[in-house]
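So the chains spell out like this:
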Amino acid sequence: YLLIRFNMMLIDMFFLKFLLLLSGLTMFMAGISANYEFDLKKIIALSTLSQLGLMMSILSMGMSDLAFFHLLTHAMFKALLFMCAGVVIHMMMDIQDIRYMGGLSFYIPLTSLCLNISNLALCGLPFLAGFYSKDLILEMVSMSNLNLMIFFLYYLSTGLTMFYTIRLLFYLMINDYNLMVVYNLYDEDYIMLKSMFMLLFMSLSVGSFLSWMIFNYPYMIYLPFNLKMMVIYVVMMGLFLGYLISNMKIYSMNKFLMTYNLSNFLCLMWFMPNLSTYGLNIYFLKMGQSL
């Protein structure tokens, strides 16, 4: 928000070009890591990181109103997503692993409804909240004369968003229920559901409302048809690929083990924890322990 406010000062600096590259890589890295993750909260947190990379990158292209628009729409469905995930984890007796869940739509239908709709709004499914901001951002990227790498980072990250959403949907809704012992799926939490349905309404309608209210001047977008439909194309491609990956059986596991080093590298966010967190603070922790 501070960067949005100070955007007029930062414009035409070299720092912003560096920020564009860095935030595009953040989007990409977070989208890949979310596909390898089995922790429900971590998947949602990584998708938040991906959306933050999207906001930062459109901010570094000098379109602060679009970044603010996406910030507001993203706030609606991501708050709903975190509330649903919290309810699900609470009902699972504090188990966060999505491999234990499955068939949740059979037991907690209303929470699953909120979860799925907010997830699809995150993907940018047309006429939900995320579509209006995300589609506008990607079309402005397509119109700006940037290089091919930024273009591919944007569209690949959008496809990856759909990818891990479909994976999450398969693990949570379509698989069989895997937690036979601590069976605690009571019907619904009505205190949570009141706020969740308000957020559900917001994440259905807030995109069109805000695009009507926030912009004092409409964006002129002039693109060829295939480039205009490119967002829909990558969403459909991510949907199909997520469906294929979620059908993994035991025969596919050895294919996974063949690329074990690559998967490890991608799962650990390009070894970022080792570079920034664990690799640094272990010395101070050891010193404190010996003291």
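Residues numbered from 1 in each chain as written. Predicted model: local features only at pLDDT ≥ 70, side-chain atom pairs only at ≥ 80, totals over all residues. Heavy atoms only, no water.

Caption draft 1: Geometry of the overall build of the chain. Regarding its fold elements, the chain presents 16 helices and zero strands. The globule rule puts the C-alpha radius of gyration for 291 residues at 19 Å, and the 20 Å found for the chain is close to it. With the principal axes as the frame, the chain shows a C-alpha extent of 60 × 50 × 45 Å. Looking at the chain as a whole, 45% of its 291 residues are labelled buried. Of the contacts made within the chain by residues no fewer than 6 positions apart, 83% connect residues no fewer than 24 positions apart. Looking at the chain as shown, the accessible area adds up to about 16,000 Å², and 73% of this sits on carbon and sulfur atoms. In the chain, 13 side chains carry a positive charge and 12 a negative one; their mean positions are 7 Å apart. (Helix = DSSP H or I, 4+ residues; strand = E, 2+ residues; numbered from the N terminus. Rg over C-alpha atoms; globule rule 2.2 N^0.38 Å. Buried < 20%, exposed > 50% of the residue type's maximum accessible area, 1.4 Å probe, protein only. Contact = heavy atoms within 4.5 Å. Areas by Shrake-Rupley, 256 points an atom, 1.4 Å probe, with all protein chains shown as cover. Lys, Arg positive; Asp, Glu negative; His and termini not counted. Charge placed at Lys NZ, Arg CZ, Asp CG, Glu CD.)

Caption draft 2: View of the domain arrangement of the chain. The domain boundaries assigned to the chain delineate domain 1 (1-251) and domain 2 (253-290). For domain 1 versus domain 2, the distance between C-alpha centres works out to 25 Å. (Domains from an automatic or database assignment.)

Caption draft 3: Region of interest: the packing of helix α5 (residues 64-91) against helix α8 (residues 129-143). Two elements in contact, α5 and α8, have axes separated by 8 Å at closest approach and are oriented at 150°. Accordingly, the angle class assigned to the pair α5 and α8 is roughly antiparallel. Two packed elements cross with a definite hand, and for α5 against α8 that hand is left-handed. For the pair α5 and α8, the contacting residues are L66, F69, H70, T73 and F77 in the first and A129, G130, Y132, S133, K134, L136, I137 and M140 in the second. When its residues are assigned to classes, the contact of α5 with α8 shows eight nonpolar, four polar and one charged. (Axes fitted to C-alpha atoms, helices over the stretch in contact; angles between N-to-C directions. Parallel < 35°, antiparallel > 145°, perpendicular 65-115°, else oblique. Left-handed = near helix turned anticlockwise from the far one by under 90°. Nonpolar A, V, L, I, M, F, W, Y, C, P; charged D, E, K, R; others polar.)

Caption draft 4: The arrangement of the nonpolar core in detail. Grouped together as the largest cluster of nonpolar side chains are 63 residues, with contacts concentrated most on L40, I58, L66, L104, Y154 and L172. Of all the secondary structure elements, the ones that give two or more residues to this core are α3 (14-36), α4 (40-60), α5, α7 (109-123), α8, α9 (148-174), α10 (190-213) and α12 (230-246). Broken down by element, this core gets its largest block of residues, 13 residues, from α5. (Core = buried A, V, L, I, M, F, W, Y, C linked by side-chain atoms within 4.5 Å.)

Caption draft 5: Layout of the environment of L153. Assignment of secondary structure puts L153 in helix α9. Sequence-wise, L153 and K42 are 111 residues apart; in three dimensions their C-alpha atoms are separated by 22 Å. In contact with L153, not counting residues within four places along its chain, are G24, L25, M27 and F28.

Caption draft 6: Here's a closer look at the side chain of S50. Turning to its location among the elements, S50 is positioned in helix α4. Among the residues examined, S50 registers a relative accessible area of 2% and is labelled buried. The residues contacting S50, other than those within four sequence positions of it, are M27, A30, G31, T161 and Y164.

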